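Results of the structural survey
So the chains spell out like this:
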Amino acid sequence: MKTAAMRFLLVEDNDDLAHSVATRLALDGHAVDRAAGIAEAEDCLAAASYDLILLDIALPDGDGRDFLVAQRRARRDTPIIMMTARAAVSDRVDVLDLGADDYITKPFDFAELEARCRAVLRRRGGALQTVRDYAGVTFNPLTATVSIAGETRELRSRELRLLEILLSAPERIFSKAQLCDRLFSYSEAVSENAIEVYVARLRKKLEGSAARIETLRGVGYRLTGE
């Protein structure tokens, strides 16, 4: 199932598992930052915003459950899926009671992980997951489809994510740096010029509607319906 590209924080100390999960998510067009422990995860969260956190429990510098509790006490509501080797019902109930949005037991199938990610984002998205209509563009985040005058347009994952970002606040100006932060992970060697490429592609896909992506030189981009 196609989804708009998202940015994940993967907190996992096992190199092999982290590589496998990050590779699988990247194949779907998502950006993934990997932290091997709690300290690295906190550094990532201080520098960027994430759509979802995948969190191991047994980490070299602490317990993932303590990190989870700290996030909730700080009123940070980024969805969190716990990854645990503990299969007992009591263990799973405990992490849910502490504020986790879901859990998955190791070893897991990647198809199940992806499905749980989609389900969590649907539940937590609320109004943000409703169909959006703006200037002749209809975007359904649940099915990751875009239509103009009833005609479906094919968009790639990062094009969908870019449209989703711009639609979240029409007329708001987003700098290249802000868009890079939401579209790419730290490990991806991209320049801000890559944003120009995605904006150009999206502009073509929006032809036939009243929606325009306006360039404000030296400042950034904004979506307008004028």
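The rules behind the values
Residues numbered from 1 in each chain as written. Predicted model: local features only at pLDDT ≥ 70, side-chain atom pairs only at ≥ 80, totals over all residues. Heavy atoms only, no water. Helix = DSSP H or I, 4+ residues; strand = E, 2+ residues; numbered from the N terminus. Rg over C-alpha atoms; globule rule 2.2 N^0.38 Å. Buried < 20%, exposed > 50% of the residue type's maximum accessible area, 1.4 Å probe, protein only. Contact = heavy atoms within 4.5 Å. Areas by Shrake-Rupley, 256 points an atom, 1.4 Å probe, with all protein chains shown as cover. Lys, Arg positive; Asp, Glu negative; His and termini not counted. Charge placed at Lys NZ, Arg CZ, Asp CG, Glu CD. Pairing = 2+ DSSP bridges. Axes fitted to C-alpha atoms, helices over the stretch in contact; angles between N-to-C directions. Polar contact = N/O pair within 3.5 Å; in protein donor to acceptor, adjacent residues only side chain to side chain. Salt bridge = Lys/Arg side-chain N within 4 Å of Asp/Glu carboxyl O. pLDDT = per-residue confidence, 0-100. Phe/Tyr/Trp six-rings, centres within 6.5 Å; stacked < 30°, edge-to-face > 60°. Lys NZ or Arg CZ within 6 Å of the ring centre and 35° of its normal. Core = buried A, V, L, I, M, F, W, Y, C linked by side-chain atoms within 4.5 Å.

**Observations concerning the overall build of the protein**
Along its length, the protein carries 8 helices and 13 strands. Taken over C-alpha atoms, the radius of gyration comes to 18 Å for the protein, in line with the 17 Å a tight globule of 226 residues would show. Overall, the protein is about 55 × 35 × 30 Å in size when its C-alpha atoms are taken along their principal axes. A buried classification covers 46% of the 226 residues belonging to the protein. Contacts spanning at least 24 positions in sequence make up 58% of the contacts within the protein whose residues lie at least 6 apart. For the protein, the accessible area works out to roughly 11,200 Å², and carbon and sulfur atoms hold 49% of it. Taking the average location of the 32 positive side-chain charges in the protein and that of its 36 negative ones, the two points are 5 Å from each other.

**Some remarks on the sheet that holds strand β2 (residues 31-35)**
A sheet is described by the order of its strands in space; here 5 strands give the open sequence β2-β1-β3-β6-β7, paired in parallel fashion. Since the sheet does not close on itself, it has two edges, and those belong to β2 and β7 (102-105), each with one partner. The mean inter-strand angle of the sheet, taken between neighbouring strand axes irrespective of direction, is 20°. Both strand β3 (residues 52-56) and strand β6 (residues 80-84) contribute to a ladder of 4 bridges, which runs parallel. Within β6, the position partnered with Leu 55 by the bridge is Met 82. Strand contacts of helix α2 (residues 38-47): β1 (7-11), β2 and β3, with the helix running at about 160° to β1, the strand carrying the most contacts.

**Concerning the side chain of Glu 114**
Residue placement: Glu 114 occurs in helix α5 (residues 110-125). Polar contacts involving the side chain of Glu 114 include one to the side chain of Arg 24, which spans 3.0 Å. Those residues in contact with Glu 114 that lie beyond four places of it in its chain are Arg 24 and Asp 28.

**Side note on the pattern of salt bridges**
Inspection of every chain in the model, using the stated rule, returns 16 salt bridges. One salt bridge connects Asp 102 with Arg 116, and the closest N-O pair in it is separated by 2.9 Å. Taken together, the positions of Asp 102 in strand β7 and Arg 116 in helix α5 put the pair 14 residues apart, joining distant regions of the chain. Asp 102 sits in the buried class, given a relative accessible area of 9%. Through salt bridges with shared partners, a single network forms among Asp 51, Arg 132, Arg 161 and Glu 164.

**As for the environment of Ala 169**
With respect to the element layout, Ala 169 can be found in the loop between α6 (157-168) and α7 (176-183). Separated by 28 residues in the primary sequence, Ala 169 and Pro 141 place their C-alpha atoms 15 Å from one another.

**Considerations on the sheet that holds strand β10 (residues 145-148)**
Taken in spatial order, the 4 strands line up as β8-β9-β10-β11 in an open sheet, and their pairing is antiparallel. On the outer flanks of this sheet lie β8 (132-134) and β11 (151-153), each paired with one strand and no other. Averaged over all adjacent pairs, the angle separating strand axes in this sheet is 25°, with direction ignored. Against the sheet, α6 makes contact with β8, β9 (137-140) and β10, and its axis sits at roughly 110° relative to β9, the strand it touches most.

**Observations regarding the confidence of the model for the protein**
The predicted coordinates of low-pLDDT regions are not to be read in fine detail. For the protein, the average pLDDT comes to 87, and 93% of its residues sit at 70 or higher. β3 holds the highest mean pLDDT among the elements of the protein, 96, whereas α5 holds the lowest, 80.

**Digging into the packing of aromatic side chains**
Note on aromatic pairs: each is described by the distance of the centres and the angle between the planes. All chains considered together, the criterion is met by 1 aromatic pair. One residue, Arg 116, lies across the ring of Tyr 103, its end atom 5.7 Å from the ring centre. Over the ring of Tyr 198 we find Arg 201, and its NZ or CZ is 5.3 Å from the ring centre.

**Observations concerning the nonpolar core**
Counting 29 residues, the largest nonpolar core has Leu 162, Leu 163, Ile 195, Leu 202, Leu 206, Ile 213 and Leu 223 as the members making the most contacts within it. Put simply, the parts of the chain that give this core at least two residues each are β9, β10, α6, α7, α8 (193-205) and β13 (220-224). With 6 residues, the top contributor of residues to this core is α6. Leu 163 has contacts with Val 137, Phe 139, Val 146, Leu 155, Leu 202 and Leu 206, leaving out every residue within four places of it along the chain. Counting 19 residues, the second largest nonpolar core, distinct from the first, contains Ala 35, Ile 57, Phe 67 and Met 82.

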